[in-house]
Amino acid sequence: MKRLLSVALIALTVLSVAAAKPKAEKKGKGVMTYDEYVAAPLDSEVVVETYVQAKQSWWDNKGTFYTQDKEGAYFLYNMPCTQDEYNKLIPGTKIKVTGFKAEWSGEVEIVDAKFEILKSKKYIAVADDVTALLGTDELVTKQNKYVAFTGMTVEASNENGAAYLYKWNGAGQDGDDLYFKVSKDGKSYTFTVESYLCDNTTDVYKNVKALKVGDVIDMAGFLYWYEGPNPHITSVCPHKE
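Small disclaimer: the values here were computed from a predicted structure and weren't measured.

(A) Representation of the packing of aromatic side chains within the structure. With the rule as written, the count across this model stands at 15 aromatic pairs. An angle of 45 degrees between the planes, with centres 5.3 Å apart, marks the rings of Y146 and F222 as tilted. Here Y146 is found in strand β7 (residues 146-155), whereas its partner F222 is found in strand β11 (residues 216-222), with 76 residues between them in sequence. By relative accessible area, F222 is classed as buried at 4%. Measuring from ring centre to ring centre gives 4.7 Å for F149 and F191, while their planes differ by 50 degrees; the resulting arrangement is tilted. Of this pair, F149 sits in strand β7 while F191 is found in strand β10 (residues 187-193), placing the two residues 42 residues apart along the sequence. Across the pair, exposure class does not vary: F149 and F191 are buried alike. Here the aromatic residues Y66, F75, Y146, F222 and Y224 are joined through ring pairs into a cluster of three or more. Its guanidinium or amino end placed over the ring of Y86, K55 lies 4.3 Å from that ring's centre, counting from NZ or CZ.

Written out as structure tokens, the structure is:
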């Protein structure tokens, strides 16, 4: 009887896990799955369908975007688009992108791309809490995704005890990128507020400038990679227990 009950419980658990796993989105003809994109060699042509999550910058008729679907994320660097097209690519917009897979200092991205806007329901990713993956090799599998870090302690960013720096070396000024250090379980990490993505008029820029060493905070942002994880943070708030 106990054996039958155990088998029934296992079957119920399997069904529950299967039900919880999101259904893979149907791809258009010739479009890669995220796994196929990851497996594609550098400099090869790639075709993906993805959703705009954030716009980092536009100039010289080129835009840079964080995009993501339910499988993974894609960073589109300097994708040709007019100002009008850039304005239309609001968060949640589905696009088909054809370009070339490239890497710069560890950051995997799509370059020399062209795109088309697809008719679809909008999709905005929920932050994936990757705090437990900090310091592990698995973290890179979340590259470019919208992620969260929770219960992180602010540390001094230089020998003078500053809670943040303008530019990586402190040689900048208001309006430049902000760099700040946080720690978890005795290990320190450097995070960034990328000024093109979140300038000095945004809440996150102001909130980082208000940090004090010892504050415990929760954050969300995009897992950019530059010679290792260099998260581009888009929100900061006091830690919620």
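Moving on from the model shown.
(B) Just the pairing of strand β4 (residues 94-104), in detail. Relative to β4, strand β1 (residues 45-59) is paired through seven bridges, and the arrangement is antiparallel. Within β4, the position partnered with V46 by the bridge is G99. Bridging between β4 and strand β5 (residues 107-117) involves nine bridges; their strand directions are antiparallel. Following the sheet pairing, K101 is matched in β5 by I110. What sits between β4 and β5 in their antiparallel hairpin is a turn of two residues, with S105 showing a positive phi close to 55 degrees.

(C) Representation of the confidence of the model for the chain within the structure. Averaged over the chain, the pLDDT score is 91; the fraction of residues at 70 or greater is 90%. Predicted confidence is poor over residues 1-21, with pLDDT under 50, and the contacts of this stretch with residues over four places away or in other chains come to zero contacts.

(D) View of the side chain of Q143. You can see Q143 is positioned in the loop between β6 (128-129) and β7. For Q143, a relative accessible area of 6% corresponds to the buried category. Discounting chain neighbours no more than four positions away, the residues touching Q143 are A73, G106, E107, V108, L223 and W225.

(E) Molecular detail of the nonpolar core. Judged by nonpolar contacts, the single largest core of 33 residues is most densely connected at F149, F180, I217 and M219. Only β7, β9 (178-184), β10, α4 (203-209), β11 and β12 (232-238) provide two or more residues apiece to this core. Take this core: its biggest share by element is four residues, from β7. Not counting residues up to four positions away in its chain, the partners in contact with M219 are V147, A148, F149, M152, F180, V182, F191, I233, S235 and V236. Membership of the second largest hydrophobic core comes to 19 residues, among which are A40, C81, L89 and I95.

(F) Structural context of the pattern of salt bridges. This model, assessed by the stated rule, comprises five salt bridges. The salt bridge partner of D69 is K27, with a shortest N-O separation of 2.9 Å. Of this pair, D69 sits in the loop between β2 (62-68) and β3 (73-80) while K27 sits in the loop between α1 (2-20) and α2 (34-39), placing them 42 residues apart in sequence. With a relative accessible area of 2%, D69 lands in the buried category.

(G) Structural detail: the side chain of K94. Looking at where K94 falls in the secondary structure, it is placed in strand β4. Accessibility expressed as a relative area gives 11% for K94, which makes it buried. K94 has contacts with E25, E49, T50, Y51, E116, I117, L118 and S120, leaving out every residue within four places of it along the chain.

The rules we used
- One numbering rule holds for all chains: residues counted from 1, following each sequence as written.
- Whole-chain, interface and lining totals are the exception, using all residues; otherwise, since this is a predicted model, local features are given only for residues with pLDDT of at least 70 and side-chain atom pairs are given and counted only at 80 or more.
- Each side-chain value is worked out from all heavy atoms of the structure, with water and hydrogens disregarded.
- Here a pair means two rings of Phe, Tyr or Trp (six-membered ring of Trp) with centres within 6.5 Å. Their orientation is stacked below 30 degrees between planes, edge-to-face above 60, and tilted elsewhere.
- The secondary structure listing takes helices from DSSP runs of H or I that are at least 4 residues long and strands from runs of E that are at least 2 residues long, numbered from the N terminus.
- Accessibility here uses a 1.4 Å probe with only protein chains present; expressed as a share of the type maximum, an area under 20% marks a residue as buried, one over 50% as exposed, and anything in between as partly exposed.
- Geometrically, a charge over a ring is one whose NZ (Lys) or CZ (Arg) sits within 6 Å of the ring centre while staying within 35 degrees of the ring normal.
- Here, a strand pair is defined by DSSP locating no fewer than two bridges between the strands.
- Values of pLDDT, the confidence the predictor places in each residue, fall between 0 and 100.
- In what follows, residue pairs with any heavy atoms lying within 4.5 Å of each other are defined as contacts.
- By convention a nonpolar core is built from buried Ala, Val, Leu, Ile, Met, Phe, Trp, Tyr and Cys residues, the set being connected through side-chain atoms within 4.5 Å.
- Here, a salt bridge means any Lys or Arg side-chain nitrogen found within 4 Å of an Asp or Glu carboxyl oxygen.

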